[in-house]
Amino acid sequence: EMDCVSRKEAAQRTMKLHPMWQQPIAVPGGHCQSPIDIVVRKSVFDSALKPLATDYDPETCQQIWNNGYSFLVEYDDSADKSTLKGGPLQDQFRLCQFHFHWGESNAWGSEHTVDRRLFPAELHLVHWNSDKYSLFEEAVSGDNGLAVIGVFLKVGKRHEGLQKLVDALPAIRHKGSVVEFTRFDPACLLPSNTEDYWTYHGSLTTPPLTESVTWIVMKQHIEVSHDQLAVFRSLLFTSAEEEVQKSMVNNFRVQQPLCGRTVRSSFT
Ligand SMILES: NS(=O)(=O)c1ccc(NCc2ccco2)cc1
Ligand SMILES: [Zn+2]
């Protein structure tokens, strides 16, 4: 059972187990960190939780790039065009980007787990509270600033909507590369059932690890093919100039202590 460890211990765990971060990370407060293991039988049903209301405009899709942690598809969030409301949220949130986390094998790769079950990958759709803030950067460290939808990926049939994105990846193999990427509707990456989810208060899972996130983790996964996932693994952590190239795999953070938080479910 993961106890609520000291910040030092948590930082040591993160650093030791997670080669991606060499420098120790002093997390702000550190008792609402993500990801977590979702213990289904300990989640609390809340009948007030509404279905997710996403309203994404594919015309706001701008570019896809390799930031050295994952690859991001970025959206124009200068107006309320691609929005998320409903679910556990009281305010309106704007989509700014989505990205994934995955493993070197199909046996692991997700950040959240469900009753300790690992998935080969996890999609994060990142939104910020445009009722309270005027920029993502402000919302990152603000109260109730962010809402991230997590969707688990399983290996199975080919995901037709994902293929346009997979085809763009060879052009951004190295850290820092960017290509134009337009008219992509991220709604195609959501499961058919957007009523059933778990929600809890947590953090970003990469630096700055700020605890401003309302997490919404979908119960239903999406399926992608083995070959599509293999293209994710062809990306590199390293930039073109670096002599030693490192495959972009295992870009997930280890589970963090729940520290007494309640995970609510929108379904029984
Ligand atoms: N994996 S995730 O969904 O929790 C996530 C989402 C977004 C960022 N952004 C990090 C950032 C950039 C500028 C300020 O902050 C980091 C992590
Ligand atoms: Zn993420």
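No experiment lies behind these values; they were computed from the predicted model shown. (Residues numbered from 1 in each chain as written. Chains lettered and ligands numbered in written order. Predicted model: local features only at pLDDT ≥ 70, side-chain atom pairs only at ≥ 80, totals over all residues. Heavy atoms only, no water.)

Within helix α3 (residues 160–168), the full set of buried residues consists of Leu162, Gln163, Leu165, Val166 and Ala168. Buried positions along α3 lie against β4 (61–66), β5 (71–75), β7 (93–102), β14 (222–224) and α4 (226–232). (Buried < 20%, exposed > 50% of the residue type's maximum accessible area, 1.4 Å probe, protein only. Helix = DSSP H or I, 4+ residues; strand = E, 2+ residues; numbered from the N terminus. Contact = heavy atoms within 4.5 Å.)

Another aspect to go through is the coordination of the zinc ion (ligand 2). Coordination of the zinc ion (ligand 2) by the protein is provided by His99 (NE2), His101 (NE2) and His124 (ND1), with metal-donor distances spanning 2.0 Å. Angles of 98 to 117° at the metal separate the four donor atoms of the zinc ion (ligand 2), which places the site in the tetrahedral class. Mapping the donors of the zinc ion (ligand 2) onto the primary sequence gives the spacing H-x1-H-x22-H. Note that His99 is positioned in strand β7 and His124 in strand β9 (residues 121–129), a separation of 25 residues in sequence. We note that His99, like His124, is buried. (Donors = N, O, S within 2.8 Å, 3.2 Å for Na, K, Ca; no water. Tetrahedral: all angles 85-135°; square planar, octahedral: opposite > 155°, others 65-115°.)

Before going further, it helps to examine the pattern of salt bridges. Enumeration over the complete set of coordinates arrives at seven salt bridges. Of the charged contacts in the structure, one is a salt bridge between Glu59 and Arg183, with a shortest N-O distance of 3.9 Å. Here Glu59, found in the loop between β3 (52–55) and β4, pairs with Arg183, found in the loop between β11 (178–180) and β12 (197–202); they are 124 residues apart in sequence, far enough to count as distant. The residues Glu59 and Arg183 share a single accessibility class, namely exposed. The salt bridge partner of Glu160 is Arg158, with a shortest N-O separation of 3.1 Å. On the accessibility criterion, Glu160 (54% relative accessible area) is exposed. Owing to a relative accessible area of 43%, Arg158 belongs among the partly exposed residues under this scheme. (Salt bridge = Lys/Arg side-chain N within 4 Å of Asp/Glu carboxyl O.)

In this section: the pairing of β5. Along β5, four of the five residues are buried, which leaves the element largely enclosed by surrounding structure. Pairing analysis gives five bridges linking β4 to β5, with the strands arranged antiparallel. Each bridged residue has a counterpart across the sheet, and for Asn66 the counterpart in β5 is Phe71. The loop that links β4 with its antiparallel partner β5 comprises four residues; one of these, Gly68, has a positive phi angle of about 85°. As paired elements, β5 and β7 share three bridges and run antiparallel to each other. Looking at the pairing, Val73 lines up with Phe98 of β7. (Pairing = 2+ DSSP bridges.)

Another aspect to go through is the site of ligand 1. What surrounds ligand 1 is a group of 14 residues, the closest being His99, His101, Leu204, Thr205 and Thr206. Note that a nitrogen atom of ligand 1 is positioned 3.3 Å from one of the side-chain N or O atoms of His99. Note that an oxygen atom of ligand 1 is positioned 3.4 Å from one of the side-chain N or O atoms of His124. Burial of ligand 1 by the protein amounts to 78% of the accessible area it has alone, namely 430 Å². Listed by contribution, the elements that provide at least two residues to the shell around ligand 1 are β7, β9 and α2 (136–140). The element best represented in the shell around ligand 1 is β7, accounting for three residues. Across the shell around ligand 1, the residue classes tally to eight nonpolar, six polar and no charged. (Near = heavy atom within 4 Å. Polar contact = N/O pair within 3.5 Å; in protein donor to acceptor, adjacent residues only side chain to side chain. Areas by Shrake-Rupley, 256 points an atom, 1.4 Å probe, with all protein chains shown as cover. Nonpolar A, V, L, I, M, F, W, Y, C, P; charged D, E, K, R; others polar.)

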